Amino acid sequence: MSKDFYTISIKPYAAIIIKICRAYTNSQEDFEDYYQEVCLQIWRTRNNFRGQSEWSTWVYRLALNVSLTMLKKKKNNQQFFNSEFLPNELAESTQAFPDEALNQLYDAIKSLSEVDRGVILLYLDEKSYQEIAEITGTNANNVGVRIKRIKERLKKILDGKVN
Amino acid sequence: MEKSIESIWKQGFLDSDALVAPKVNDLYNRKSIHLIEKFKKMFQMNIWGIIIGAVILFVGSYLIGALIAGSILFIMLIYIAYTAYYELKTLEGIDKGQSSYFFLKSFKDWIDHSIDRYGKMYRVVYPLLLLTFYFGIWMSDVFAGMRELVAERTTDLIFGFHTYTSLVIIVAAILMSVFSKRIHKEDVSALYGGILKKLEDALAEMEELRDQHSI
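Fair warning: this is a prediction, and the values are worked out from it, not measured in the lab.

Thresholds applied
- Residues numbered from 1 in each chain as written.
- Chains lettered and ligands numbered in written order.
- Predicted model: local features only at pLDDT ≥ 70, side-chain atom pairs only at ≥ 80, totals over all residues.
- Helix = DSSP H or I, 4+ residues; strand = E, 2+ residues; numbered from the N terminus.
- Buried ≥ 20, exposed ≤ 12 C-beta atoms within 10 Å, placed from the backbone.
- Contact = placed C-beta atoms within 7 Å.
- Axes fitted to C-alpha atoms, helices over the stretch in contact; angles between N-to-C directions.
- Parallel < 35°, antiparallel > 145°, perpendicular 65-115°, else oblique.
- Left-handed = near helix turned anticlockwise from the far one by under 90°.
- Nonpolar A, V, L, I, M, F, W, Y, C, P; charged D, E, K, R; others polar.
- Core = buried A, V, L, I, M, F, W, Y, C linked by C-beta atoms within 7 Å.
- pLDDT = per-residue confidence, 0-100.

This next bit is on the overall build of chain B. When you go through chain B residue by residue, the secondary structure sums to seven helices and two strands. Listing every helix and strand of chain B by position from the N terminus yields α-α-α-α-α-β-β-α-α. By the burial criterion, 17% of the 215 residues in chain B qualify as buried. Partitioning the contacts of chain B with sequence separation of at least 6, the portion at a separation of at least 24 is 74%.

All names here are of chain A. Within the element layout of this structure, serine 56 appears in helix α4 (residues 55-76). Taking C-alpha positions, serine 56 is 9.4 Å from isoleucine 10, a pair spaced 46 residues apart along the chain. Setting aside residues up to four positions removed in sequence, serine 56 forms contacts with Tyr13 and Ile16.

Another point: the packing of helix α5 (residues 100-110) of chain A against helix α1 (residues 5-12) of chain B. Closest axis-to-axis distance for the α5 of chain A/α1 of chain B pair is 9 Å, and the angle between their directions is 125°. Here α5 of chain A is positioned oblique relative to α1 of chain B, judged by the angle of their axes. Where α5 of chain A crosses over α1 of chain B, the handedness of that crossing is left-handed. Together, Ala101, Leu102 and Leu105 of chain A of α5 of chain A and Ile5, Ile8, Trp9 and Gly12 of chain B of α1 of chain B make up the contact between the two elements. Residues of the contact of α5 of chain A with α1 of chain B, tallied by class, amount to six nonpolar, one polar and no charged.

If you look at the biggest cluster of nonpolar residues, it comprises 43 residues, and the most contacted ones within it are Ile17, Ile20, Cys21, Val38, Val59, Ala63 and Leu105 of chain A. Elements supplying a minimum of two residues to this core: α2 (14-24), α3 (28-44), α4, α5, α6 (114-124), α7 (129-136) and α8 (140-158) of chain A together with α1 of chain B. Among the nonpolar cores identified, the runner-up in size contains 13 residues, and Ala69, Phe74, Tyr118 and Tyr126 of chain B belong to it.

Residue and element names in this part refer to chain A. With their axes 8 Å apart at the nearest point, α7 and α8 run at an angle of 100° to one another. Viewed along their axes, α7 and α8 adopt a mutual orientation that is roughly perpendicular. Residue-level inspection shows Tyr129, Gln130, Ile132 and Ala133 of α7 in contact with α8, the latter providing Ala140, Val143 and Gly144. Of the residues assigned to the contact of α7 with α8, the class counts are five nonpolar, two polar and no charged.

Let us look at the confidence of the model for chain A. Averaged over chain A, the pLDDT score is 81; the fraction of residues at 70 or greater is 83%. Taken together, the stretch residues 80-92 of chain A has pLDDT below 50 and engages in 16 contacts with residues farther than four places along the chain or on a different chain.

What follows is the structure in structure tokens.
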């Protein structure tokens, strides 16, 4: 991977990758592993990008797919004692961010289903319903309903934790 | 006042320390270790498979009255298991401190060297296994009736064995000896094909990455 490719095509979108990878991992080690795998996947598939969507949308899609695939692989390997599969209340809080409220929000997001995690991350990053639908392979109406439901769930989880 | 999840999100990421990307270097570090660990586990299982197979054959040969052939097969299979175990020990010697690329490259060299060594060993082992199995079964107690039946119906016998069947087996044994490396390679790829493919893909990618200025 050339320095130029990383600087131009990945680095400006690192925030996207970090936000997604953090939502699917419970340790710094796994996070770094997922982050690197996403970078590699972007590099591997660089010639497949046709420019029909924004590069950032492409990065989102790849980051989500890689995270879901890696999670699935771990499940298939039956690494049930990995922190990834500990019930949320048992998983050690990663304290990945300096902001405590953000850490709590992430913990709440991690308790959602794998697909819901992706949807809410895209919503919070201000992607339109249409873009979210394109990335997650559903339709905009469905996304709207889903986001409403996810937000209610998150609020319930966070109630009493965030003032 | 209760914050909305949107405002928690926005405020949380205002801090510049919130989005520190990990260094993207030595991309294959964990991957290569996983790959080799997985291979080792499969290799160990394979050794145990050979040992268990040898014991089953030995007990089976005793039950059908072909103990000599069973013993020869048992000794040969245990010898194969022992050499495989010894081979595995040499795999432990690969320096894990080197870069992922050289680590995987050493692993690939180890596999190639191992296939080559085993290919030579199987030049003798494959035909011996086949011939021992054939002659052992033919001379076993359970085949006594069959031996009599063949002896009654044909004169094409040599030392009590059916000539043409024996010729076919001997030719097969010679062919197995000639193509031992090829057969062993196929055997390895049937057992470890998935891992070897991943190894080759990883090495190809790493070489491509190395050709450019790595980050």
